[in-house]
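Remarks on the overall topology
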Protein chains: 2
Amino acid sequence: MLTEIREGKTLGSLVKHITQETINLYAEASGDFNPIHVDESFASGTPFGGTIAHGMLSLAYVSEMMTSAFGQSWLSAGRLRARFKDSARPGDTLTVGGKVDCLEQRDGVSYANCTFECRNQRGEVIVAGEAIVRLPGSKKQEYGPE
Amino acid sequence: MLTEIREGKTLGSLVKHITQETINLYAEASGDFNPIHVDESFASGTPFGGTIAHGMLSLAYVSEMMTSAFGQSWLSAGRLRARFKDSARPGDTLTVGGKVDCLEQRDGVSYANCTFECRNQRGEVIVAGEAIVRLPGSKKQEYGPE
């Protein structure tokens, strides 16, 4: 958990190595066995040229970072905007990082607006976006529509 | 794959049953073993009152629906906005649905703006949001910043 939440504060980063086994496990856990993820002979004949990880796997890493930083505040409710730029592949090492971009107060509720990105070992962005978390001590209030 | 993409077209829906085993598998696949997900004795002492599924698991189902509907167009690049409203728990049955909200053309590129939601068996929204996919036949172009 972050002990101090202020603008510019970096969130802890995560490093994750992707193997075909990781992807197979994710397929089993999510129930998404699309051959682009799990069948190399199929995937090698597609424009991807081989299997790719599920896009949501990299978002899972982002969420893990957010949970480590914000705990229950993130787990209870949050918002996410994500732009998928590229696919993670077996053999890739992903690094997820983020920071508190700004703090905001709306209707007596405090929010931390964070930016995040997940890059591969060549520095290419796999997914980037924003995550918004309601901070503790705010009065309980549902997020309204954006 | 959708054979016809038009405004109002519903995307195929998915029904998924969540068990503690599903959550444990997801923890293994994502590497996120936070005790709120996998340790019932810990989780029962928190405001959640028991283990909860990883939020990204429900988004994985949304992504599976989008892949079924749009195939490579979704897998190559996409955008997602998600609002997490509640947690899925062991024993829950989640239904994911969505539709093409509107078609849009920007700089010669066609996009399908879709809305989605994932509800539990009581009709409570777990996560809702929007997913944007670039349609085939568009000239290749990276998504710019929002």
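Our focus in this paragraph is the overall build of chain A. Counting secondary structure elements, chain A contains 5 helices and 5 strands. Mapped from its N terminus to its C terminus, chain A presents α and β elements in the order β-α-α-α-α-α-β-β-β-β. By its C-alpha atoms, chain A is 55 × 30 × 25 Å across when sized along the principal axes. Evaluated residue by residue, chain A yields a buried proportion of 42% over its 146 residues. Intrachain contacts of chain A at a sequence separation of at least 6 include 66% that bridge at least 24 residues.

For the rest of this paragraph, the subject is the interface of chain A and chain B. Contact residues are listed per partner, giving 35 residues for chain A and 35 residues for chain B. Of all the elements in the fold, those that place two or more residues in the side of chain A that touches chain B are helix H1 (20-30), helix H4 (55-70), helix H5 (72-76) and strand E2 (78-84) of chain A. Of the residues forming the side of chain A that touches chain B, the biggest block, 8 residues, is contributed by H4(A). Considered class by class, the residues forming the side of chain A that touches chain B number 16 nonpolar, 10 polar and 9 charged. The pairing of E2(A) with strand E2 (residues 78-84) of chain B spans 7 bridges and is antiparallel. Within E2(B), the residue paired with Ala82(A) across the bridge is Leu80(B).

The next subject is the environment of Ala128(A). All names here are of chain A. You can see Ala128 is positioned in strand E5 (residues 125-134). When the C-alpha atoms of Ala128 and Met56 are compared, they prove to be 12 Å apart, with 72 residues separating the residues in sequence. What Ala128 contacts, discounting residues up to four positions off in sequence, is Arg83, Lys85, Phe116 and Glu117.

On to the packing of H4(A) against helix H4 (residues 55-70) of chain B. Packing of H4(A) against H4(B) brings their axes to within 9 Å, and their N-to-C directions diverge by 160 degrees. Classed by the angle they form, the pair H4(A) and H4(B) counts as roughly antiparallel. In this structure, H4(A) crosses over H4(B), and the sense of that crossing is right-handed. Of the residues in H4(B), those in contact with Gly55(A), Met56(A), Leu59(A), Ala60(A) and Ser63(A) of H4(A) are Gly55(B), Met56(B), Leu59(B), Ala60(B) and Ser63(B).

A few words now on the relation of the copies chain A and chain B. Laying chain A over chain B is done by rotating through 180 degrees and shifting 0.0 Å along the axis; what remains is an RMSD of 0.0 Å. Classification of the inter-copy transformation places it as that of a two-fold axis. Among all residues of chain A, the one whose C-alpha sits closest to the rotation axis is Arg81(A), at a distance of 2.2 Å. Of the interface residues in chain A, 100% have counterparts in chain B that sit at the interface too, so the contact is made through matching surfaces.

In this structure, Val62(A) and Val62(B) are the most contacted members of the largest nonpolar core, which totals 76 residues. With near-sequence residues (within four places) excluded, Val62(A) lies in contact with Val96(A), Phe116(A), Cys118(A) and Ala131(A).

A word on the sheet that holds strand E1 (residues 10-17) of chain A. Ordered in space as E1(A)-E3(A)-E4(A)-E5(A)-E2(A)-E2(B)-E5(B)-E4(B)-E3(B)-E1(B), the 10 strands form an open sheet in which the pairing is antiparallel. A strand with exactly one partner marks an edge of an open sheet, and here the two such strands are E1 of chain A together with strand E1 (10-17) of chain B. Across the sheet, the axes of successive neighbouring strands diverge by a mean angle of 15 degrees, strand direction being ignored. Pairing geometry for strand E3 (residues 93-106) of chain B and strand E4 (residues 109-119) of chain B, over 11 bridges, is antiparallel. Among the inter-strand pairings, Leu103(B) is bridged to a residue of E4(B), identified as Ala112(B). Sitting on the sheet, H4(A) is in contact with E1, E2, strand E3 (93-106), strand E4 (109-119) and E5 of chain A, with an inclination near 140 degrees to E1(A).

How each quantity is defined
- Residues numbered from 1 in each chain as written.
- Chains lettered and ligands numbered in written order.
- Predicted model: local features only at pLDDT ≥ 70, side-chain atom pairs only at ≥ 80, totals over all residues.
- Helix = DSSP H or I, 4+ residues; strand = E, 2+ residues; numbered from the N terminus.
- Buried ≥ 20, exposed ≤ 12 C-beta atoms within 10 Å, placed from the backbone.
- Contact = placed C-beta atoms within 7 Å.
- Nonpolar A, V, L, I, M, F, W, Y, C, P; charged D, E, K, R; others polar.
- Pairing = 2+ DSSP bridges.
- Axes fitted to C-alpha atoms, helices over the stretch in contact; angles between N-to-C directions.
- Parallel < 35°, antiparallel > 145°, perpendicular 65-115°, else oblique.
- Left-handed = near helix turned anticlockwise from the far one by under 90°.
- Least-squares fit on C-alpha atoms with pLDDT ≥ 70 in both.
- Core = buried A, V, L, I, M, F, W, Y, C linked by C-beta atoms within 7 Å.

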